[in-house]
Amino acid sequence: MIVAEGLRKAFGSFAAVDGVDFRIGKGESFGFLGPNGAGKTSTMRMIACMSPYSGGSLRVLGMDPMTQGPAIRGRLGLVPQEDTLDEELTVLDNLYIYGRYFDLPKKLIRERAERLLEFAQLTDRRNDKVGPLSGGMKRRLTIARSLISEPDILILDEPTTGLDPQARHLLWDRLYRLKSQGVTLVITTHYMDEAEQLCDRLVVMDKGRIVAHGSPRALIAEHSTREVVELRFAVDQQQANVASVEDLAERVEVLPDRILLYVHDGDATIGEVHRRGLLPESALVRRSTLEDVFLHLTGRTLVD
Amino acid sequence: MAAQRAGWPTWFRAVWVHAYTYSKVWKGSVTTTFLFPLLYLAAMGVGLGTLVDRHAHHVGGVAYVDFLAPGLLAGTIFQVAVNESTYPVMARIKWMRTYWAMLATPLDIDDVLIGHLGWSALRGGMVSGAFLLVMEGFGVIHSWWALAVLPLAMAASVAFAAPTTAYAATTTSENGFALLYRFGVMPLFLFSATFFPLGQLPVWLRAVAQCTPLLHAVNLLRDCTLGIFPATQALVDVVYLAVFAAVGIAFARRAFRKRMVL
Ligand SMILES: Nc1ncnc2c1ncn2[C@@H]1O[C@H](COP(=O)(O)OP(=O)(O)OP(=O)(O)O)[C@@H](O)[C@H]1O
Ligand SMILES: [Mg+2]
């Protein structure tokens, strides 16, 4: 469905996307993970044929975005990072005009709009102007709107930013269903749990490059240990305590507020920490996540 | 899966959305559309005009109200076209970002521009239609040529809207609009032979006025409602407006691409 080879995006002399390769198959759910400025949105905009690529090659649905943009966009749905709703119009009218952009007949739009309002839990706000809606409601409307054309590929740029946990889980559920209907999903996110839940495969981007790719599980297995011990010492005391624990772990990461020990048996490690007479303010064991993978690969946290 | 398409060309969808949006938010604008010409023609045309005619023995060979009405008409169209191309265009690019929503669909950047300019033309047609009705009520239409006001007003609206749109799509802050109104729109509205003949101006200002677009629209619309066509002057007016529109559209296209195709 989507094939990129050596894909580049330059703004002047700055390369926002610096030669990335990926291949996304039909019905797949593919994630782009990375910190602010990694180049995720730039990549999404190139796939959505809104931003001409500066180098390499890109094929979407077998077509070239440079020359067949309108034909490709007709089969895509896009949830942009920033909302682009018409705040002067009602919820329903926003769906209606968007359907019109895709040349859908009025009757069909009305039918689909009913279902999408239901999905977005905005049925009772259908005749309200969009302007005063809450951020999360606008987000849900944006997502609903992207589905009005029943796209083959759905591109979601940080879809759940601003959603409450209930709305997030509802969206995940809806995305599963779309996927089972054969819709290809392309998702960017900062949320590790989201990526682990939703993505069959993902790439981790940093500074315009792909630093790792694979399934969430494989990435964790490859780049991290089974468990992680988080030790929190008194303020500004993290660095001072590193030396006394670093031999306990395969790998150690020092963050401003805590020390992470990458180990196989977390409980045993905590026992040893206490035996050594160290007194962290808190100590907990958790499973490795994609966050740890990212930290390992880039030396930075994802959400800064 | 029959009838899955309405069959509208992409540019048409872009024009349509403006008309649809307007139909939803127009509210009081119909009263202002009629009220403005009504009040102005009553106050300035009839009230002030009686005084003017008594002392000046008609302006440009016709009663003052006959002279003023087409000037006001052109000035109104000018203001409407500029108004719709300043803050609203900035809103659709920067605040609401609805142009970006259009660009994620089969529409492309030229469709978005055609949508805006096409709508400007339609607005110009609507406003001048209402204005003509009021003028007819005042008995200041003297020729069937007045019907030509509609297409001319639509074309002139595009000529006014295009460069304004180019500016709105180039500037990143709305602060410049206040200057545009103060030093661009207001002086043109007042000095483009709208309220008094060009001959009243000092020679050097006359030359300046000849270079500005509103004057030529005023000339043309006045020719139409009075039914008097000074041939060379009318030709100059048409050519000027056509060139002005073409250059404006070229700049607007460039500005839209630069701002939104990144
Ligand atoms: N239009 C533009 N002109 C110049 N630079 C740009 C432009 N758009 C993006 N960039 C730069 O490209 C880089 C990547 O931006 P991008 O928006 O793709 O990142 P991102 O991964 O989506 O980040 P975030 O998580 O914050 O959304 C950033 O350094 C950004 O400043
Ligand atoms: Mg982004």
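Residues numbered from 1 in each chain as written. Chains lettered and ligands numbered in written order. Predicted model: local features only at pLDDT ≥ 70, side-chain atom pairs only at ≥ 80, totals over all residues. Heavy atoms only, no water.

## Quick word on the layout of surface pockets
In this structure, the largest pocket occupies an estimated 720 Å³ of space. Around the largest pocket, the lining comprises 36 residues; the ones closest to its centre are Tyr22(B), Glu84(B), Pro88(B), Arg92(B) and Trp119(B). Those elements that provide at least two residues to the lining of the largest pocket are helix H3 (91–101) of chain A together with helix H1 (10–25), helix H2 (29–56), helix H3 (64–83), helix H4 (87–95), helix H5 (98–103) and helix H6 (109–138) of chain B. Residue classes in the lining of the largest pocket are distributed as 19 nonpolar, eleven polar and six charged. (1 Å grid on protein atoms, 1.4 Å probe; cavity = no way out; pocket = protein on both sides within 12 Å on 5 of 7 lines; lining within 4 Å. Points joined across faces, edges and corners; volume = space filled by probe spheres on them. Helix = DSSP H or I, 4+ residues; strand = E, 2+ residues; numbered from the N terminus. Nonpolar A, V, L, I, M, F, W, Y, C, P; charged D, E, K, R; others polar.)

## Some remarks on the packing of H2(B) against H3(B)
Residues and elements named next belong to chain B. One way to put it is that H2 packs onto H3 with a least axis distance of 9 Å and a crossing angle of 145°. Our pair here, H2 against H3, has a crossing hand that is right-handed. Only Tyr64, Val65, Leu68, Ala69, Leu72 and Thr76 of H3 make contact with H2, whose side of the interface consists of Phe36, Tyr40, Leu41, Met44, Gly45, Val46, Leu48, Gly49, Val52 and Asp53. Looking at side-chain class alone, the contact of H2 with H3 contains twelve nonpolar, three polar and one charged residues. (Axes fitted to C-alpha atoms, helices over the stretch in contact; angles between N-to-C directions. Left-handed = near helix turned anticlockwise from the far one by under 90°. Contact = heavy atoms within 4.5 Å.)

## Points about the domain arrangement of chain A
Here the domain parsing of chain A yields domain 1 (2–214) and domain 2 (225–287). On a C-alpha basis, the centroid separation for the pair domain 1 of chain A and domain 2 of chain A is 39 Å. (Domains from an automatic or database assignment.)

## Topic: the packing of aromatic side chains
Residue and element names in this part refer to chain B. In the structure shown here, the tally under the stated rule is 22 aromatic pairs over all chains. Their ring planes at 35° and their centres at 4.4 Å tell us that Phe36 and Tyr40 sit as a pair that is tilted. Of this pair, Phe36 and Tyr40 are both found in helix H2, four residues apart, which corresponds to roughly one turn of the helix. The class of Phe36 is partly exposed, set by a relative accessible area of 25%. Ring plane angle 70° and centroid distance 4.8 Å describe the contact between Tyr87 and Phe177, whose orientation is recorded as edge-to-face. Taken together, the residues Tyr87 in helix H4 and Phe177 in helix H8 (residues 175–191) connect sequence positions 90 residues apart. Exposure remark for Tyr87: the relative accessible area of 37% places this residue in the partly exposed category. For Phe177, a relative accessible area of 0% puts it in the buried group. (Phe/Tyr/Trp six-rings, centres within 6.5 Å; stacked < 30°, edge-to-face > 60°. Buried < 20%, exposed > 50% of the residue type's maximum accessible area, 1.4 Å probe, protein only.)

## Remarks on the sheet that holds strand E6 (residues 153–157) of chain A
Residue and element names in this part refer to chain A. Taken together, six strands build an open sheet; the order of strands is E5-E6-E7-E3-E8-E9 and the sheet is mixed. The open sheet has two edge strands, strand E5 (76–79) and strand E9 (209–214), and neither has a second partner. Taken pair by pair, the neighbouring strands of this sheet meet at an average axis angle of 15°, ignoring direction. The sheet contact formed by strand E3 (residues 29–33) and strand E7 (residues 184–189) spans five bridges and is parallel. Paired with Gly31 across the two strands is Ile187, which belongs to E7. Its contacts with the sheet put helix H6 (residues 165–180) on E3, E6 and E7, and the angle it makes with E6 is roughly 155°. The strands that helix H8 (residues 216–223) touches are strand E8 (201–206) and E9; relative to E9, the one it contacts most, it runs at about 105°. (Pairing = 2+ DSSP bridges.)

## Quick word on empty space enclosed by the protein
All names here are of chain A. Scanning the model with the defined rule gives one cavity of 30 Å³ or more in all. In this structure, the largest cavity occupies an estimated 40 Å³ of space. Lining of the largest cavity is provided by Phe119, Ala120, Arg140, Ile143, Leu163, Ala167, Leu170 and Leu171. When residues of the lining of the largest cavity are traced back to their parent elements, those giving at least two are helix H5 (135–146) and H6. With three residues, the top contributor of residues to the lining of the largest cavity is H6.

## Looking at the coordination of the magnesium ion (ligand 2)
Residues and elements named next belong to chain A. On the protein side, the magnesium ion (ligand 2) has Thr41 (OG1) and Gln81 (OE1) as donor atoms, found 1.9 to 2.1 Å from it. Of the two residues, Thr41 is situated in helix H1 (residues 40–47) and Gln81 in the loop between E5 and H3; the sequence distance between them amounts to 40 residues. We classify Thr41 as partly exposed; its relative accessible area is 26%. (Donors = N, O, S within 2.8 Å, 3.2 Å for Na, K, Ca; no water.)

## Some details on the interface of chain A and chain B
The interface of chain A with chain B comprises 33 residues on the first partner and 29 residues on the second. A combined buried area of about 2800 Å² lies between chain A and chain B, and 60% of that area is made up of carbon and sulfur atoms. Connecting chain A to chain B are two salt bridges. Linking chain A with chain B are ten residue pairs in polar contact (both at pLDDT 80 or more), by the criterion used here. For the side of chain A that touches chain B, the secondary structure elements donating two or more residues are strand E1 (2–11), helix H2 (65–73), H3 and helix H4 (106–119) of chain A. The residue inventory of the side of chain A that touches chain B, partitioned by class, reads 15 nonpolar, three polar and 15 charged. (Buried area = accessible area lost by both parts, 1.4 Å probe. Salt bridge = Lys/Arg side-chain N within 4 Å of Asp/Glu carboxyl O. Polar contact = N/O pair within 3.5 Å; in protein donor to acceptor, adjacent residues only side chain to side chain.)

## Side note on the pattern of salt bridges
Residues and elements named next belong to chain A. Scanning the entire structure with this criterion turns up 31 salt bridges over all chains. Put simply, Lys179 and Asp200 hold a salt bridge, and the shortest N to O gap is 3.0 Å. Separated by 21 residues along the polypeptide, Lys179 in helix H6 and Asp200 in the loop between helix H7 (192–198) and E8 bring together distant segments of the chain. Note on Lys179: relative accessible area 21%, which makes it partly exposed. A residue is classified by how much of its surface remains accessible, and Asp200, at 31% relative accessible area, is partly exposed. One connected set of salt bridges, linked through shared partners, spans Glu230, Arg232, Asp257, Arg258, Arg286 and Asp292.

## Section: the site of ligand 1
All names here are of chain A. Near ligand 1 you find 15 residues, and of these Asn36, Gly37, Lys40, Thr41 and Ser42 are the closest. At a separation of 2.8 Å, an oxygen atom of ligand 1 approaches a polar side-chain atom of Gln81. With respect to ligand 1, the side chain of Glu158 contributes an N or O atom lying 3.3 Å from an oxygen atom. A total of 640 Å² of accessible area belongs to ligand 1 in isolation, and the protein chains cover 66% of it. (Near = heavy atom within 4 Å. Areas by Shrake-Rupley, 256 points an atom, 1.4 Å probe, with all protein chains shown as cover.)

## Remarks on the sheet that holds E1(A)
Residue and element names in this part refer to chain A. Strand order across the open sheet formed by three strands is E2-E1-E4, with antiparallel pairing between neighbours. Edge positions in the open sheet fall to strand E2 (14–24) and strand E4 (55–60), since each of these has one partner strand only. Going across the sheet, the axis of each strand differs from the next one's by a mean of 25°, ignoring polarity. Judged from the eight bridges that link them, E1 and E2 form a sheet pairing that is antiparallel.

## Points about helix H10 (residues 213–226) of chain B
Residue and element names in this part refer to chain B. Over its 14 residues, H10 extends 20 Å from the first C-alpha to the last, a length consistent with the 20 Å expected when each residue adds 1.5 Å. With 14 of its 14 residues buried, H10 lies for the most part within the structure. Once H10 ends, the next one or two residues include Gly227, with phi positive near 75°. (Expected span 1.5 Å × (residues − 1).)

## Focus on the packing of helix H7 (residues 149–170) of chain B against helix H11 (residues 231–260) of chain B
Residues and elements named next belong to chain B. As a packed pair, H7 and H11 sit with axes 7 Å apart at the nearest point and diverge in direction by 25°. Classified by the angle their axes make, H7 and H11 are roughly parallel. Note on packing geometry: the crossing formed by H7 with H11 is left-handed. Mapping the contact onto sequence places Val158, Ala159, Ala162, Pro163, Thr165, Ala166, Ala168, Ala169 and Thr170 in H7 and Leu241, Phe244, Ala245, Gly248, Ile249, Phe251, Ala252, Ala255, Phe256 and Arg259 in H11. (Parallel < 35°, antiparallel > 145°, perpendicular 65-115°, else oblique.)

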